[in-house]
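Residue-level listing of the chains:
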Protein chains: 2
Amino acid sequence: MLEKNYYNVGEDTCSINVIHEKAINKAKKEMLNDETYMELAETFKLFGNPTRLKIMSLLSVEDLCVCDMSEILDMSQSAVSHQLRTLRSKNLVKYVKEGKQARYSLADRHVTQLLQIGIEHVLE
Amino acid sequence: MLEKNYYNVGEDTCSINVIHEKAINKAKKEMLNDETYMELAETFKLFGNPTRLKIMSLLSVEDLCVCDMSEILDMSQSAVSHQLRTLRSKNLVKYVKEGKQARYSLADRHVTQLLQIGIEHVLE
DNA sequence: TTGTTATATGATAATTTGTTCATATGTACA
DNA sequence: TGTACATATGAACAAATTATCATATAACAA
C-alpha cells in the first residue's frame, strides 16, 4: 500500500503530493488569504522587539506618558516616540492628549492576551 | 532617560518623574527582567513573517512533511526548511522522522492560541 | 554498489529594521 | 509675547533578516 502511494506519474509534479494529498487538501482549505497573513505578520512583527515589548508590558500595568516610559526604559524620548508610532500603526496602543503630554494605553484586550501567552511560552 | 534640557533647578531629577512618580514605580515593579523580554522578542519575531505564519497555520490543521508545505506554499524546499529550522529553534514546531520524511507539527497549545488571538486582532 | 528522494544547511545579496541626530510641532505659563 | 516643556518626525546608517543557490546528509530502492 505504501508502495502504491509512492508511484510517480512522471509529470512535473512532486511525487510527494500523491502521498499526503488528503492532508494537503485539508490544510490548504483552511488557509486564510495572503493579505491576512501579511497583515498578521506586520502585527506580530511589532511584538518582536524588546523595546516595544517593554512598552506594552509597562502599559499593561499603567497608562503612561512618553517621558515616563523614556525614563523607565532609559531610552531617548525620540526612540520611544518612534516605537509608539509603530505600535499605533497596528492598533496596539492608543493615547489621549493631556495638555503637553500624551497618555498612552494598550489598545485592546488582545495585546494583553498575546503578551501573557507569549510569556507563558518562554517561561515554560 | 535624562536629557539635559529636562533638568529642574539644579536637581538631578527629571521634572516629569515628579509628575507620574507613582505610576512609574508601579509599572517598573511589574517589569520582567531584560533577558525575558529578549527571549520573548525572539519568539514573537518568528510570528512576524508571512511564510512562517502560513507554516504554523497549516500545521494547526494537519501534521505535514516539508515537501507538502513546500507544495502548498509554492516555495522552494530550501526556504521552507530554513523557516522550519528557525521555528524549531524557539520551540514553536517539532517533528518526527518517518523514513526519508520529517513529519512536522506545532510544538504546543501556545502556538495555536497566539495564532488565534492574532487573527482575531487583525480581522476585528 | 549506484541512483533517487527528502531534508538540512552554508553563503550570499537584497531588503528591512531600530536607533540616533536634528529639527518641527504644539501646549502652557510667565 | 517669548520661553520651556512634551512629543513627533525625517534622514541616515549599522545591524538583522529572508529567499536563493549550491551543496551536504541521510534513507531507501534497484
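Presented here is a report on the structure given in the accompanying data block. Numbering of residues starts from 1 in each chain and follows the order in which that chain's sequence is written. Going through the entries in the order they are written, you letter the chains from A and number the ligands from 1. Under the rules for a predicted model, residues below a pLDDT of 70 receive no local features and side-chain atom pairs below 80 are neither given nor counted, while totals for whole chains, interfaces and linings still include all residues. With hydrogens and water excluded, all non-hydrogen atoms of the structure serve as input to the side-chain values.

This next bit is on the relation of the copies chain A and chain B. Copy-to-copy superposition: least squares on the C-alpha atoms, limited to residues that have pLDDT of at least 70 in both copies. For the pair chain A and chain B, the relating rotation is 180°, the translation along its axis is 0.0 Å, and the fit reaches an RMSD of 0.0 Å. Taken together, the turn and the small shift mark the pair as related by a two-fold rotation axis. Comparing contact sets, 92% of the residues at the interface of chain A also lie at the interface in chain B, consistent with an isologous, same-surface contact. Every residue pair with non-hydrogen atoms within 4.5 Å of one another is taken to be in contact.

Right, let's get into the packing of aromatic side chains. Pairs were defined over the aromatic rings of Phe, Tyr and Trp, the Trp ring being its six-membered one, requiring ring centres within 6.5 Å. Orientation was assigned from the angle between planes: stacked under 30 degrees, edge-to-face over 60, tilted for the rest. Counting across every chain of the model gives five aromatic pairs over all chains. On the numbers, 5.0 Å between centres and 20° between planes, the contact of Tyr95 of chain B with Tyr104 of chain B is stacked. Judged by its relative accessible area of 36%, Tyr95 of chain B falls in the partly exposed class. By way of ring pairs, the aromatic residues Phe44 and Phe47 of chain A together with Phe44 and Phe47 of chain B are connected into one cluster. Exposure is judged per residue with a 1.4 Å probe applied to protein chains only, and the accessible area is read against the type maximum: over 50% gives exposed, under 20% gives buried, and values in between give partly exposed.

The next thing to look at is the pairing of strand E3 (residues 101-106) of chain A. A run of H or I in DSSP becomes a helix once it reaches four residues, and a run of E becomes a strand once it reaches two; helices and strands are each numbered from the N terminus. Of all six residues in E3 of chain A, five are buried, a share of seventy percent or more. DSSP bridges decide pairing: two strands pair if at least two such bridges lie between them. Joining the antiparallel neighbours strand E2 (residues 93-98) of chain A and E3 of chain A is a turn of two residues, in which Gly99 of chain A adopts a positive phi near 65°.

With that settled, consider the interface of chain A and chain B. Between chain A and chain B, the residue contacts involve 64 residues of the former and 63 residues of the latter. When two parts are put together, the accessible area they lose, computed with a 1.4 Å probe and summed over both, is reported as buried area. Note on chain A versus chain B: buried area summed over both sides is about 5,700 Å², and carbon and sulfur give 70% of it. Interface area lost by chain A to chain B is led by Phe44, Glu71 and His121 of chain A, which between them contribute 11%. We define a salt bridge as a contact between a side-chain nitrogen of Lys or Arg and a carboxyl oxygen of Asp or Glu at a distance within 4 Å. The interface formed by chain A and chain B contains eight salt bridges.

Another aspect to go through is the pairing of E2 of chain A. For a regular strand, side chains alternate in direction, first toward one face of the sheet and then toward the other. Pairing analysis gives six bridges linking E2 of chain A to E3 of chain A, with the strands arranged antiparallel. Among the inter-strand pairings, Lys97 of chain A is bridged to a residue of E3 of chain A, identified as Ala102 of chain A.

All names here are of chain A. Helix span, expected: 1.5 Å multiplied by one less than the number of residues in the helix. For helix H7 (residues 77-89), which comprises 13 residues, the first-to-last C-alpha distance of 18 Å matches the rise-based estimate of 18 Å (1.5 Å per residue) to within 8%. Every buried residue of H7 is accounted for by Val80, Gln83, Leu84 and Leu87. All buried residues of H7 project into a common sector of 105° when viewed along the axis, lining one side. Facing away from the buried side of H7 by more than 90 degrees, the exposed set consists of His82 and Arg85. Elements in contact with the buried residues of H7: helix H4 (34-47), helix H5 (50-59), helix H6 (66-73), E2 and E3. Positive phi shows up at Asn91, right after H7, with a value of about 60°. Here the arc refers to the set of directions running from the helix axis out to each C-beta atom.

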